[in-house]
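# Secondary and tertiary structure notes
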Amino acid sequence: MIIYDKKAAQNIELSYQTPEIVRQRNQTLEALALRAGEQVLDVGCGTGLLVHDMSSTIGLQGRIVGVDFSNDMLELAKKRCSEMTNVQLQQGSITQLDFADNSFDAASCIQTLLYVDEIEVALSELRRVMKPGGRVAIIETDWRGVVLNSPDEVMTRKILDAWDATVSSPNLPVKLIPLLKKLNFSAIKTTAIPILNTSYSEVNFSSGMLAYFSSYAVKNNVISNEEAALWMKQIQDLSKTESFFFCVNRFLFTAVKVDV
Ligand SMILES: C[S@@+](CC[C@H](N)C(=O)[O-])C[C@H]1O[C@@H](n2cnc3c(N)ncnc32)[C@H](O)[C@@H]1O
């Protein structure tokens, strides 16, 4: 299980400002097509990057509520959005949302459901608090589909398997369409968002992710610190021969709540 403490919050803060994730946020905003005056919910809002971007679109008559389980993540979100009067940030869980039925015109849940054990409860809660006709955007990653050039395949498998075991649903994208249908969402659309890096750089999403993967494998006693450091070095060195290759797919799901 991942604890979103101060250190994790700092990691996300850096990793989610890389160009790949900025592009993903822009795609999310485009898909939600927010309008001035709307009531919007972002569950698992993290450090508030998406909430911040949404705030200017909905204007002063609108309201954007960010909910997150972790107070350390919320602390950074509050700092980021301190001057935005249409933003409300609060602690809570997606499995028990503290809002009345039919409260929101639009909702987002980005890279959060994979950590949740009770996915159906979470999606039902999301649906409950949305108004009829409300739009939802969900993004999840297919972590089982990481494509990585690595000189040590055995070590890579160990590290990726350790990550797989750390989160509740490492391959949630393949299950989301039937789940959304079961819970009476309609107009479901899916878009792949590939994250491709062909060079190793601190400013790329993959550099942070590879460090994160290996640190979790160490934390879970799957590999030693030395093995993690060697694995990272071998992968970084691939850039010298222009052989670095990392790719993973994220998926954006959009859907609408119809009243049944
Ligand atoms: C990888 S971060 C994504 C943050 C944000 N959505 C973004 O894309 O920038 C996952 C977030 O989900 C939050 N989270 C995990 N389980 C949650 C739950 N049951 N309810 C609400 N938030 C949760 C974590 O605290 C963390 O802030």
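See the structure above.
As the structure is a prediction and not an experimental result, all values here were calculated from the model.

Procedures and definitions
Residues numbered from 1 in each chain as written. Predicted model: local features only at pLDDT ≥ 70, side-chain atom pairs only at ≥ 80, totals over all residues. Heavy atoms only, no water. Axes fitted to C-alpha atoms, helices over the stretch in contact; angles between N-to-C directions. Helix = DSSP H or I, 4+ residues; strand = E, 2+ residues; numbered from the N terminus. Parallel < 35°, antiparallel > 145°, perpendicular 65-115°, else oblique. Left-handed = near helix turned anticlockwise from the far one by under 90°. Contact = heavy atoms within 4.5 Å. Nonpolar A, V, L, I, M, F, W, Y, C, P; charged D, E, K, R; others polar. Phe/Tyr/Trp six-rings, centres within 6.5 Å; stacked < 30°, edge-to-face > 60°. Buried < 20%, exposed > 50% of the residue type's maximum accessible area, 1.4 Å probe, protein only. Patch = residues over 30% accessible without salt bridge, like charges linked within 9 Å, V, L, I, M, F, W, Y side chains within 5 Å. Areas by Shrake-Rupley, 256 points an atom, 1.4 Å probe, with all protein chains shown as cover. Salt bridge = Lys/Arg side-chain N within 4 Å of Asp/Glu carboxyl O. Near = heavy atom within 4 Å. Polar contact = N/O pair within 3.5 Å; in protein donor to acceptor, adjacent residues only side chain to side chain. 1 Å grid on protein atoms, 1.4 Å probe; cavity = no way out; pocket = protein on both sides within 12 Å on 5 of 7 lines; lining within 4 Å. Sits in = over half its atoms within 2 Å of the grid points. Points joined across faces, edges and corners; volume = space filled by probe spheres on them. Arc of directions from axis to C-beta. Core = buried A, V, L, I, M, F, W, Y, C linked by side-chain atoms within 4.5 Å.

### As for the packing of helix H5 (residues 119–129) against helix H7 (residues 173–182)
The N-to-C vectors of H5 and H7 enclose an angle of 55 degrees; their axes lie 10 Å apart at closest approach. Here H7 runs oblique to H5, going by the angle between their axes. Seen along the crossing, H5 lies across H7 with a hand that is right-handed. Contact residues: H5 offers Ile 119, Glu 120 and Leu 123, while H7 offers Leu 176, Leu 179, Leu 180 and Lys 182. Its residues placed into classes, the contact of H5 with H7 shows five nonpolar, no polar and two charged.

### Overview of the packing of aromatic side chains
For any pair of aromatic rings, the description consists of the separation of the ring centres together with the inter-plane angle of the planes. Summed over the entire model, instances satisfying the criterion amount to nine aromatic pairs. Plain terms: the ring middles of Trp 143 and Phe 213 are 5.6 Å apart, the flat faces sit at 90 degrees to each other, and that makes the pair edge-to-face. A residue pair is termed long-range when its members are at least 10 positions apart, and Trp 143 in the loop between strand S5 (130–141) and strand S6 (147–148) and Phe 213 in helix H8 (residues 205–219) qualify at 70 residues. Judged by its relative accessible area of 1%, Phe 213 falls in the buried class. Site record: aromatic cluster; members linked through ring pairs are Trp 143, Trp 163, Tyr 212, Phe 213 and Tyr 216.

### Describing unusual backbone geometry
One non-glycine residue, Asn 102, lies in positive phi territory at about 55 degrees. Positive phi is not limited to glycine here, since Ala 187 has a value of about 50 degrees. Mapped onto the fold, Ala 187 is located in strand S7 (residues 185–197).

### Quick word on a nonpolar patch on the surface
A cluster of nonpolar side chains, Val 147, Leu 196 and Phe 245, forms an exposed patch at the surface whose accessible area comes to about 240 Å². Here Phe 245 lies in the loop between helix H9 (225–237) and strand S8 (246–257). What makes Phe 245 partly exposed here is its relative accessible area of 34%.

### Overview of the site of the ligand
Around the ligand, 18 residues are found, and the nearest of them are Tyr 16, Gly 44, Asp 68, Ile 94 and Ile 110. Within the backbone of Phe 69, an N or O atom sits 3.3 Å from a nitrogen atom of the ligand. Ile 110 places a polar main-chain atom, nitrogen or oxygen, 2.8 Å from a nitrogen atom of the ligand. For the ligand, the protein covers 94% of the area, taking 600 Å² as the surface of the free molecule. With respect to the pocket detection grid, the ligand is positioned in the largest pocket. Within the shell around the ligand, the residues separate by chemical class into 10 nonpolar, seven polar and one charged.

### A closer look at empty space enclosed by the protein
Following the criterion strictly, the structure yields one cavity of 30 Å³ or more and no others. Residue lining of the largest cavity: Val 67, Gln 90, Gln 91, Gly 92, Ser 93, Gln 96, Leu 97, Asp 98 and Phe 99, and that is the complete set. Here the lining of the largest cavity is built from residues that sort into three nonpolar, five polar and one charged.

### What about the environment of Ala 137?
By the element assignment, Ala 137 lies in strand S5. For the pair Ala 137 and Thr 254, spaced 117 residues apart in the sequence, the C-alpha separation amounts to 4.6 Å. Apart from residues lying up to four places away in sequence, Ala 137 is in contact with Thr 28, Leu 32, Ala 107, Ser 108, Cys 109, Ile 110, Leu 252, Phe 253 and Thr 254.

### Notes on H7
The set of residues buried in H7 consists of Pro 173, Leu 176, Leu 179 and Leu 180. With its buried residues spanning 100 degrees around the axis, H7 presents them on a single face. Relative to its buried face, H7 has exposed residues pointing more than 90 degrees away, namely Val 174, Pro 178, Lys 181 and Lys 182. Packed against the buried residues of H7 are H5, S5, S7 and S8. One or two residues past the end of H7 sits Asn 184, with phi positive at roughly 65 degrees.

### Some remarks on the nonpolar core
In terms of nonpolar packing, the biggest core is built from 39 residues, with Trp 143, Trp 163, Leu 210, Phe 213 and Phe 246 touching the most fellow members. For this core, the elements supplying multiple residues, two or more each, are helix H1 (6–15), helix H4 (71–80), helix H6 (153–166), H8, H9 and S8. Look past the residues within four positions of Phe 246 in its chain and what remains in contact with it is Val 146, Val 147, Leu 148, Ile 195, Leu 196, Asn 197, Phe 205, Ser 206, Leu 210 and Phe 213. Ranked by size, the runner-up nonpolar core spans 29 residues in total, among them Val 43, Phe 104, Met 130 and Phe 185.

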